[in-house]
Amino acid sequence: MFLACGMVVAQADERVVVGSKRFTESYILGEIVAQTARTTGVRAEHRPGLGNTAVVLEALKAGSIDIYPEYLGTIEQEILKLPAGSAPATIARELARLGLAHGVPLGFSNSYALATAEALAGQRGLRRISDLRAQPDLRIALSQEFLGRADGWPGLAARYGLPQRPSAIDHGLSYAALATARIDVTDIYTTDARIAELKLHTLQDDAHYFPRYDAVLLYRADLPQRAPLAWQRIAGLQGRIDTARMIAMNAEAELQGRSFAQIAAGFLSGDAGTVATPSAHSSFWQRLTADDLGRLTRQHLLLVAVSLALATLIGVPLGALAAAWRPISGPVMAVVGLMQTIPSLALLAALIPLLGRIGTVPAIVALTLYALLPIVRNTATGLEQVPRALKDAGLALGMTRAQCFRLVDLPLAAPVLLAGLKTAAVLTVGTATIAAFIGAGGYGERIAQGLALNDGAMLLAGAVPSAALALLTQGAFALLERWAARR
């Protein structure tokens, strides 16, 4: 009895947060790990689609997540910047310096490769990566991460002497671009389900550039001690997923339209799984009205409302200060304008190590910074347009400067100020979709999954509610502006 009570207390204390990157296989593996941990009765949360390696790694180091699926070659070259084929002891030692560890080889390898359509491969005689060297006119488009990875295009082009200058494309869209001949070559994952479906030819890595990409779990070193029950069950995943099964699960998501949770549950229940045959994805209406609509709407509204309120509390006084003291007007506008030039995903990634977390807090900070420019600018402009004579009249009537500002300046500047708030609110509704890439939820969660799966219905199911919310926000501020004008 005492043993049972001890296990209950341990289960109540244990909590595991699983992360995953923004591509199909990582979504599935993350869900499998999370559901496996839950079988012990512990609290396990899955933070899906956390952008690229840089974002999810920062989340792991900051302690916002405890574990996520990764690949040995990525750990070796992209994360640790070690040469290919480094000793396991060296990898373990370097990870330990970061407070991390890796293990639980899942049983398959998912390598990077370059692929082209079989028809084009036949026409151009493309069988190996080295064959690209003699055909500089080929249109190569690569995923954004592969373009900058240590084991990606720069090293590959140097090893093979490739003359092409590739463009960037989202990985989820690259297959459709290959199928419609808009591009000739792209990077793929060797366990992708669409390779066979679209009849793609994988170019042989004849210079043996790519390292081994055995699928493993990368986790915080203290996880086995903090959550021993969950870890024992997670460690049992070792060797349970072979290449054929992983391809089949990817196909269930990309070709059959099954949810990642359903696929993971099927795997854990012992469903053998078969390679999926193409079938239509759920309709747009089914995607739009899915069970997660209420949760995503609440998350999106929270992000917009809190960030806009903070931006107003900061921006209105800042704009008033810029209007009252001309010497600082230029620097203030320059600083808030600079915020608009920083790419949103880059700012979110930078905030993770600064704030030590992912999710809502860094998302709200970023959205607040992006909303400042129209609020500060319009506040300053509105106050500068108030006639000096009216200000003097207020002072002549015995008002203090504070009373004059509150009763004369602000009411007269209100239409311009509200226009700035409206612009900031509408921009924030759209920008908030990026927050899903650091686990803050909102409609961007659907957009990220739609991109990963190349699922147009899922993309629209995230974009349409966001656009509708932007229109409602604009309409609400238009009514507020009319009310202010009558007042």
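The structure under discussion appears in the preceding block.
Student: What exactly am I supposed to notice about unusual backbone geometry here?
Tutor: Trans peptide bonds make up most of the peptide bonds, and negative phi angles are found at most residues other than glycine. Even without a glycine there, the phi angle at Val104 is positive, about 55°. Position of Val104 relative to the elements: it lies in the loop between strand E4 (100-103) and strand E5 (112-117). On the basis of relative accessibility, which here comes to 6%, the residue Val104 falls in the buried class. Phi at His208 takes a positive value of approximately 55°, unusual for a residue other than glycine. The residue His208 is located in the loop between strand E9 (200-202) and strand E10 (215-220) in this model. Classification of His208 by relative accessible area gives exposed; the value is 64%.

Student: Please clarify how the packing of aromatic side chains should be interpreted in this entry.
Tutor: Two aromatic rings, taken as a pair, are described by how far apart their centres are and by the angle between their planes. A complete count under the given rule lists ten aromatic pairs for this structure. A ring pair is formed by Phe23 and Tyr189, whose centres lie 4.8 Å apart and whose planes are at 40°; its orientation type is tilted. Taken together, the residues span a long stretch of sequence, with Phe23 in the loop between strand E1 (15-19) and helix H2 (24-38) and Tyr189 in strand E8 (residues 186-189) at a distance of 166 residues. Aromatic side chains Tyr219 and Trp231 sit 4.5 Å apart centroid to centroid with 50° between the ring planes, which places their arrangement in the tilted category. With Tyr219 in strand E10 and Trp231 in helix H12 (residues 228-235), the pair connects residues that are twelve residues apart, well separated along the chain. Owing to a relative accessible area of 10%, Tyr219 belongs among the buried residues under this scheme. For Trp231, a relative accessible area of 15% gives the class buried. An aromatic cluster is defined as three or more aromatic residues linked by ring pairs; in this entry it consists of Phe23, Tyr71, Tyr112, Phe146, Tyr189, Tyr209, Phe210 and Tyr213.

Reading the values: the criteria
- Residues numbered from 1 in each chain as written.
- Predicted model: local features only at pLDDT ≥ 70, side-chain atom pairs only at ≥ 80, totals over all residues.
- Heavy atoms only, no water.
- Helix = DSSP H or I, 4+ residues; strand = E, 2+ residues; numbered from the N terminus.
- Buried < 20%, exposed > 50% of the residue type's maximum accessible area, 1.4 Å probe, protein only.
- Phe/Tyr/Trp six-rings, centres within 6.5 Å; stacked < 30°, edge-to-face > 60°.

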